[in-house]
Amino acid sequence: MRRLTAALVPLAAAVLLGGGPALAEEPLDVPGQVTDTADVLSPAQEAQVQDVLAQLQTEDQVQLFVVYVDTFDGVDPDTWADRTAGLSGFGGDDVLFAVAVEDRLYGYSPSADLGLSEQDLQQVVTSDVEPELTAGDFDGAAVALAEGLGSDGGGGGLGAVAVVAGVAAVAGGAYLVTRARRRRGQGPPPTRRIERPDPHAGVPTGQLEAQASTALLELDEAVKTSRLDLDYARLQYGADAVAGFTEALAASEQDLSRAFTLRQLLDDEHPEDEPTKRRMLTEMLQLTTAADARLDEQAEAFDRLRDLERTAPQALDALTSRITALRGRLPADEERFAALQRRYAAAALAPVADNPVQARARLDAAEQAVAEARDELTAGRSAAAVGDIRVAEDALAQTGTLLDAVARLGGDLQAAEARVAEVRAETEADLAEARALVAGGTGSGLRPQVARAEAALTAADAALHPADGGRPDPLAALRQLEEADIALEQALAVARDAEQRARRAAASLDQALLTARSGIAAAGDFIGTRRGAVGAEARTRLAEAQRHLDLAVAQGRTDPVGALREAQTADALAQRALQQAQSDVAGWGGGPGGGYGPGGFGGGYGGGPRGGVDLGSLVLGGILLGGGGRAGGYGGGFGGGGSPGGGGRRRAGSFGGSRSRGRSGGGRF
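Residues numbered from 1 in each chain as written. Predicted model: local features only at pLDDT ≥ 70, side-chain atom pairs only at ≥ 80, totals over all residues. Heavy atoms only, no water.

**Digging into the overall build of the protein chain**
Thinking step 1. A tally of helices and strands in the protein chain yields 20 helices and 7 strands.
Thinking step 2. Taking all 669 residues of the protein chain together, 50% fall into the buried category.
Thinking step 3. Restricting to contacts in the protein chain with at least 6 residues of sequence separation, those with at least 24 account for 77%.
Thinking step 4. As displayed, the protein chain offers around 28,000 Å² of accessible surface, 53% of which is attributable to carbon and sulfur atoms. (Helix = DSSP H or I, 4+ residues; strand = E, 2+ residues; numbered from the N terminus. Buried < 20%, exposed > 50% of the residue type's maximum accessible area, 1.4 Å probe, protein only. Contact = heavy atoms within 4.5 Å. Areas by Shrake-Rupley, 256 points an atom, 1.4 Å probe, with all protein chains shown as cover.)

See below:
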């Protein structure tokens, strides 16, 4: 999605307010190859720069983007350039050159694939570009960089760079003067718009889709682990101390939500043509890159705030207290689950079926991690202790989530049980009205909807009173009654005026919201505590379910009919998310001896249980995912302080993302 407003808003403000201090420019998704919000180029100069950039692209397949702003507002130039390149989805042979005119600073961010060494690129910039900037010749700076990147400069014959530098030194700048005269003598070419190219040209669409899905999963992991870290830090230091991190995480969560929405659109029943699909995949990559970079920017400061190496003893004391509290809670929660099993159908409890077992496994893991961290501190290895502390934190958070999910589902089932008779009576009344219309001859076209509602009522009865005498599933019964309600709304819409429809929708909305919230919570808890096995599809459906629920709540007062529809859509998506996640987990670690649960990780990661702790439950929960990892590794008892098994998916770092563009630079002129 374009973010041109990031550039236009401050520019418009400058026009309206006249003089005054320069307005800060945030990194942006550049709208074209030349972006000049500082207004340093005349129309003729901009057209000339555009022509040189087009020539560079045609002759050398290098895409140079030039951005002039008033100020980077204290942001390091290369960081500003990297973030803008990330937001713009640059890759291949793309190069970004950014200048903050009032700051007299510049930054550049080339792709890692650019066929020019860091030293050669730096020489082009310092020898050719900086003199133009110092002289205030901003169009000349852009042209100089384009010539340095081209086949006559650094792009195709890198030996020419040294020659140019020598000529400039001997001739006292005569080369620059001659080149500037040559440019000015050519006259401005006709103005033409250069269409934004595909930044991933040459990458097959299937491969691009795989990259976008991987980036989506990685960002989802980074956001979840960053949220966990932030929650711990807020408890320790207060909300004010983590305000900046909270804002960064909220912004990244918005980008993640938008990326999930794009994935949902790509997955729906309406296929996109190839160019549209590639644009959507590109935007997904732009969003995930920007969100990831935003988290990375906060990572160092966040680590300084927590400073776990220094505060490890206090952190371990707090974790020990938490373990004691959860250990004391566990028997009551296990009995609560047993009581639910005696009262409700197994299908009703499927989302939390193994939660008590998984909770106990992760609590054991947290306890062992704390013990190992204390051993590391005693041995003077505080950095290694940090890895164990983070494992314990994540394991304890998931233990609480697993147990809370059992209690929440129990409450939802009780609430559904109390409501189902009333909702069924309302549905029966609507069905009688629809049948009367059919019998009176005014609703002959309504028979399919009436039949659909009757079938849903029958299914609801079966969920409440199974034919085999089994236990009930009141939430399933409510969902069937809502299915009947959808059919009856379609049947009765022709006979009811807008006021009646709104009144009926408002009456049904509270129940639909309750059902949707219950479904989203169940799916969210299941996915969040088993995210090591759950793929992008289930996460996408869950994110989309939450989006529709938010819309339902927002529209509730002004458009109850639309809100009811959104709530029903939210619940349907949540059920699809849960089903897909359950399928992912069922197939995880497939083959004989696969699956999850104590002793059920197929002998991987140190042979299953180790020291009384099942490592499979930690991998399932996304606590150990391999590849990289948090500061200090994962502790000596969990895969030897590194990635267990090696080469797996990357564990998101402490309040941070996972990717960087690299080779950026900058300076002052």
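**Concerning empty space enclosed by the protein**
Thinking step 1. The final tally for this structure, using the stated rule, is 4 cavities of 30 Å³ or more.
Thinking step 2. Space inside the largest cavity adds up to approximately 140 Å³.
Thinking step 3. Counting only elements with at least two residues in the lining of the largest cavity, the list comes to helix H13 (382–439), helix H15 (474–492), helix H16 (498–528) and helix H18 (560–586).
Thinking step 4. By residue class, the composition of the lining of the largest cavity is 5 nonpolar, 4 polar and 6 charged. (1 Å grid on protein atoms, 1.4 Å probe; cavity = no way out; pocket = protein on both sides within 12 Å on 5 of 7 lines; lining within 4 Å. Points joined across faces, edges and corners; volume = space filled by probe spheres on them. Nonpolar A, V, L, I, M, F, W, Y, C, P; charged D, E, K, R; others polar.)

**Here's the deal with the side chain of His200**
Thinking step 1. Positionally, His200 belongs in the loop between helix H7 (174–186) and helix H8 (205–237).
Thinking step 2. Not counting residues up to four positions away in its chain, the partners in contact with His200 are Gly89, Leu208, Arg278, Thr282 and Leu285.

**Observations concerning the pattern of salt bridges**
Thinking step 1. Using the criterion set out here, one finds 39 salt bridges in the structure.
Thinking step 2. Measuring nitrogen to oxygen at the nearest pair gives 2.7 Å for the salt bridge that ties Arg278 to Asp198. Highlighted residues: Arg278 in helix H10 (residues 274–306) and Asp198 in the loop between H7 and H8, separated in sequence by 80 residues.
Thinking step 3. The partly exposed category is assigned to Asp198, whose relative accessible area is 30%.
Thinking step 4. The shortest N-O distance in the salt bridge between Arg531 and Glu221 comes to 2.8 Å. Here Arg531, found in the loop between H16 and helix H17 (536–555), pairs with Glu221, found in helix H8; they are 310 residues apart in sequence, far enough to count as distant. (Salt bridge = Lys/Arg side-chain N within 4 Å of Asp/Glu carboxyl O.)

**Observations regarding the pairing of strand S3 (residues 94–100)**
Along a regular strand, successive side chains alternate from one face of the sheet to the other.
Thinking step 1. The buried fraction of S3 amounts to 7 of the 7 residues, a majority that puts the element mostly inside the structure.
Thinking step 2. Here strand S2 (residues 63–69) pairs with S3 via 7 bridges, running parallel. Among the inter-strand pairings, Leu64 is bridged to a residue of S3, identified as Val95.
Thinking step 3. Relative to strand S4 (residues 105–110), S3 runs antiparallel, the two sharing 6 bridges. By the bridge assignment for S4, Leu96 is matched with Ser109.
Thinking step 4. Between S3 and the antiparallel strand that follows it, S4, lie 4 residues; Arg104 among them carries a positive phi value of about 55 degrees. (Pairing = 2+ DSSP bridges.)

**What about the layout of surface pockets?**
Thinking step 1. The calculated volume of the largest pocket comes to roughly 1,300 Å³.
Thinking step 2. For the lining of the largest pocket, the elements supplying multiple residues, two or more each, are H8, helix H9 (243–267), helix H11 (308–343), H13, H16 and H17.
Thinking step 3. A per-element tally of the lining of the largest pocket places H8 first, with 10 residues.
Thinking step 4. Its residues assigned to classes, the lining of the largest pocket comprises 15 nonpolar, 11 polar and 16 charged.
Thinking step 5. Each of domain 2 (205–410) and domain 4 (502–586) accounts for three or more of the residues forming the lining of the largest pocket. (Domains from an automatic or database assignment.)

**Quick word on H10**
Thinking step 1. Here H10 spans 47 Å end to end across 33 residues, near enough to the 48 Å set by a 1.5 Å rise per residue.
Thinking step 2. The largest bend in H10 amounts to roughly 40 degrees and is located at Ala299.
Thinking step 3. Just downstream of H10, Asp307 is the residue with a positive phi angle, here 45 degrees. (Expected span 1.5 Å × (residues − 1). Bend = angle between axes of the 7 residues up to and from the residue.)

**Details of the packing of H9 against H17**
Thinking step 1. Interhelical geometry of H9 versus H17 gives an angle of 110 degrees and a closest axis separation of 9 Å. For the element pair H9 / H17, the angle class is roughly perpendicular. Together, Phe260, Thr261, Arg263, Gln264 and Asp267 of H9 and Ala536, Glu537, Arg539, Thr540, Arg541, Ala543, Glu544 and Arg547 of H17 make up the contact between the two elements.
Thinking step 2. The residue inventory of the contact of H9 with H17, partitioned by class, reads 3 nonpolar, 3 polar and 7 charged. (Axes fitted to C-alpha atoms, helices over the stretch in contact; angles between N-to-C directions. Parallel < 35°, antiparallel > 145°, perpendicular 65-115°, else oblique.)

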